[in-house]
Amino acid sequence: MADAAIDTLDIAILGAVLVGSGIYWFKDKLLGSNSSPKTSFAKQPLVPMQKPNAPALKINKIAKKTRDFVEKMRETDKTVIFFYGSQTGTAEDYAARLAKEGTQRYNLKTMTADLEDYDMNLLDTLPADHLAVFVLATYGEGEPTDNAVDFWEHLVAGEDVPEFSVGDYEDADKPLSNLNFVMFGLGNKTYEHYNSVCRRVDEKLQALGATRIGERGEGDDDGSLEEDFLSWKDDMWKATCDFLGIDFLAGNSGPRQATYKIQEHTAEEVQALKKVYYGEHQEPKFMLGSRPTYDSKNPYSAPIAVSRELFEVSADRHCLHMEVDISGSGITYQAGDHIAVWPVNAEQEVNKLATVLRIADKLDTVLTVSNTDPASTKLPFPVPTTYRTILRNYVDITAPPSRAFIGQLTPFAPTDAASKLFALWGQDKEAFRINVADARRSLGTVLEKILGVGQSMEIPFDLLIESIPRLQARYYSISSSAKAHPTSIHLTAVVLDYKPDVAPEETVYGLATNFLHNCHGRINQSGPIEPKYEISGPSGLHLIGETGVKVPIHVRHSNFKLPRNSALPIIMIGPGTGVAPFRGFVQDRAQDVKNGKKVGATVLFFGCRREDEDYLYKDEWPELMKGIEGAQVITAFSRQPGVPKTYVQHRMNEHKELIWDLIHKQGGYFYVCGDAKNMAREVNHKLIEIAMTVGEMSEEKATTYVKELRGRGRYEEDVWS
């Protein structure tokens, strides 16, 4: 082209240099497996290639983002770093709260750090008078969170003595002898491997010579997490102050120190902005010459190809079967993996909170959020954006607010009566439990209850951003097999709504399932659905034609997998929507049969209320299981007219000889999916009972036998509380 700034030969030469450099710097990523969720331990920033037909090559300078947390602490004068491994945002929130409290109460120089943003093999270089605090969630069956996978594999799952940066120590087995650390874990006691991530990291750090300061804290997400955290942190601060030589009793809160600054933009300023975010997560990440990488930080907007009701006769209960199209996205999955759906908050919650906070008239005002600490570079969401977008897309205003946050609102109460209620609910555990936690009240509803109908108050908006967790994805077991459906992912979800016992006059709506129900309504043109969600996406980009819609998704790989040897038998226990992954398992095995592979016995125990009401995929099972030797569905109906209540554990007892034969004699695998608190626990007890009665074992030996099945990966659970 005659008017190009550089000619074709220049572009070719410079392009070759860029490609060659890219291959060198990104060789680990380029040569790695595309299907693996694991990433290189030392990640590099990625930038898109210049398009070949661009008229000129413009190279922008990109600010250096160091992966050396010790260097960053030195440059920004920090002495305490709070690392978090977070799947749903709670661990990240706790780390931020601790860092803020350390700064405000004890004048500590703190920073928070996402584990995947830094090279954790530099732990051996952290000075002995500094402190590392780990806030680590356990995901699923003892697995690390997505952002902690690299750290976990380096420290725990790898060599007995991992390689760190220095490499030359007085005691080669104690490379972390200079490291002092604090540990808090988030888990759920209904799971077999309660808080195993923080426990194993704690154990490994100490084995490598590190010193833990204070007692390890553990929070139980099955009802008492916030209280566990609050009761642990006071003792933790005392131990931390002792270690750092600070007078614990001298600490005081003083005036509130804002974490973020809010700048509203005029119409003229908005015109000059390069971009305003209306719900996007971030700019797509590109590898050289490849498509974007879709993950928890950059979900894929997938068209919903199919959406249908699975419940046959119920007008007030809904169960959705959805198929999302992943053609051309590069997303891969296996039966047993999870699909993450990124919802938005319901419009009634957005409007309610905006009204109570007196910002309803400026919801569409554009604002920029920035850190007050120049050393902090991470923001909770992309900016500039609008108040409406923040409340709808970015912060979880639907979940009950924390007791600590309610207490923080006391100084802003407009009346003495409201001030007393804020203080009571923020300090009294029982008052908080009854009025907030057990009632599952949203922030807007809590404020309405405290202030009174039609009343409002003003609080610093930066305090809300600081105190309310980021809106996170909701995870569902994938109900399809990539062998049968390589370009689509199926999910099965009951639309959740219920009346809590402590507030029977109110209705609690499941955030993501009602969001999906709104998508279903558009696709099937079934009329208005309450509560209403704005499903159009950023600038309407999620709408397709008159009835189509996209949903932001990503895939979370799981260890809940079929045995590699398809000839081994499997037993699946999946009542209700717990049957979802087993539909994928059976599809997988049916495909293996078509491909000529030997497939072992495939037995599904399925439970629901009534055969004519909520027997999920009833018409599919005969065709899917045709050709699989020894395949069968054993049903249990709890509300079938004219017959006693029957649950899956009752059917297990009736078929105990079959179960023992397949598991014990034929080396089969045992899978459970569904409710963790009751069903999964009773199924576990029933299997122990079968080992005692059919296997003629003592209770102690039977318990050990079942535990060993778990340890060998032959007893797997995909359960929720």
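Residues numbered from 1 in each chain as written. Predicted model: local features only at pLDDT ≥ 70, side-chain atom pairs only at ≥ 80, totals over all residues. Heavy atoms only, no water.

Under the annotation held in an unreviewed UniProt entry, the protein carries the name NADPH--cytochrome P450 reductase and is attributed to Linnemannia elongata AG-77.

**Focus: the packing of aromatic side chains**
What characterises a pair of aromatic rings is the spacing of the ring centres plus the angle enclosed by the ring planes. The full count for this structure, using the stated rule, is 27 aromatic pairs. An angle of 5° between the planes, with centres 5.8 Å apart, marks the rings of Phe 134 and Phe 151 as stacked. Of the two residues, Phe 134 sits in strand β3 (residues 131-139) while Phe 151 sits in helix α5 (residues 149-155), which places them 17 residues apart along the sequence. Each member of the pair, Phe 134 together with Phe 151, is buried. (Phe/Tyr/Trp six-rings, centres within 6.5 Å; stacked < 30°, edge-to-face > 60°. Helix = DSSP H or I, 4+ residues; strand = E, 2+ residues; numbered from the N terminus. Buried < 20%, exposed > 50% of the residue type's maximum accessible area, 1.4 Å probe, protein only.)

**Remarks on the sheet that holds strand β12 (residues 366-371)**
Strand pairing in a sheet takes place through backbone hydrogen bonds and is either antiparallel or parallel in direction. Strands sit in the order β8-β12-β13 across an open sheet of 3 strands; the sheet is antiparallel. The outermost strands of the open sheet, each flanked by one partner alone, are β8 (260-264) and β13 (385-386). Sheet topology note: the β12/β13 ladder contains 2 bridges and is antiparallel. Bridging from a neighbouring strand, Val 366 pairs with Thr 386 of β13. (Pairing = 2+ DSSP bridges.)

**So, unusual backbone geometry**
In this structure, the amide linkage connecting Val 383 to the following residue, Pro 384, adopts the cis form with an omega of 0°. Here Pro 384 lies in the loop between β12 and β13. Following Glu 530, the chain continues into Pro 531 via a peptide bond in cis, with omega recorded as -5°. With respect to the helices and strands, the residue Pro 531 is situated in the loop between α16 (511-524) and β18 (543-544). Even without being glycine, Arg 358 reaches a positive phi, approximately 65°. Among the structural elements, Arg 358 can be located in the loop between α9 (347-356) and β12. Non-glycine residue Arg 440 carries a positive phi angle of around 50°. Mapped onto the fold, Arg 440 is located in the loop between α13 (429-437) and α14 (443-451). You can call Arg 440 partly exposed: its relative accessible area is 41%.

**Concerning the pairing of β12**
Within β12, 5 of the 6 residues are buried, which leaves it mostly tucked inside the rest of the structure. Looking at chain direction, β8 and β12 are connected through 5 bridges and run antiparallel. Bridge pairing in β12 links Lys 261 to Ser 370.

**Describing the nonpolar core**
Inside soluble globular proteins, nonpolar side chains tend to come together where they are buried. Formed by 40 residues in total, the largest nonpolar core has its most connected members in Leu 391, Phe 422, Leu 447, Phe 461 and Leu 464. Taken together, the elements giving at least two residues each to this core come down to α9, β12, α10 (387-394), α11 (403-408), α12 (416-427), α13, α14 and α15 (461-467). Element by element, the count of residues in this core is highest for α14, at 5 residues. Setting aside anything within four residues of it in sequence, one finds Leu 464 in contact with Leu 353, Leu 357, Leu 391, Val 395, Phe 405, Leu 443 and Ile 459. Counting residues in each nonpolar core, the second largest holds 32 residues, with Met 73, Leu 115, Tyr 118 and Trp 152 among its members. (Core = buried A, V, L, I, M, F, W, Y, C linked by side-chain atoms within 4.5 Å. Contact = heavy atoms within 4.5 Å.)

**Notes on the sheet that holds strand β24 (residues 715-720)**
With respect to topology, 5 strands assemble into an open sheet ordered β22-β21-β20-β23-β24, the strand pairing being parallel. Both outer strands of the open sheet, β22 (632-637) and β24, are each paired with one neighbouring strand and no more. Neighbour to neighbour, the strand axes of the sheet diverge by 10° on average, direction disregarded. Relative to strand β23 (residues 669-675), strand β20 (residues 570-573) runs parallel, the two being bridged by 4 bridges. Paired with Ile 573 across the bridge in β23 is Val 672. (Axes fitted to C-alpha atoms, helices over the stretch in contact; angles between N-to-C directions.)

**Quick notes on the packing of α12 against α13**
Remark: α12 packs on α13, axes separated minimally by 5 Å, with the N-to-C direction vectors making an angle of 100°. Viewed along their axes, α12 and α13 adopt a mutual orientation that is roughly perpendicular. Here Leu 424, Trp 425 and Gln 427 of α12 lie close against α13, whose contacting residues are Lys 429, Ala 431, Phe 432, Asn 435 and Val 436. Considered class by class, the residues forming the contact of α12 with α13 number 5 nonpolar, 2 polar and 1 charged. (Parallel < 35°, antiparallel > 145°, perpendicular 65-115°, else oblique. Nonpolar A, V, L, I, M, F, W, Y, C, P; charged D, E, K, R; others polar.)

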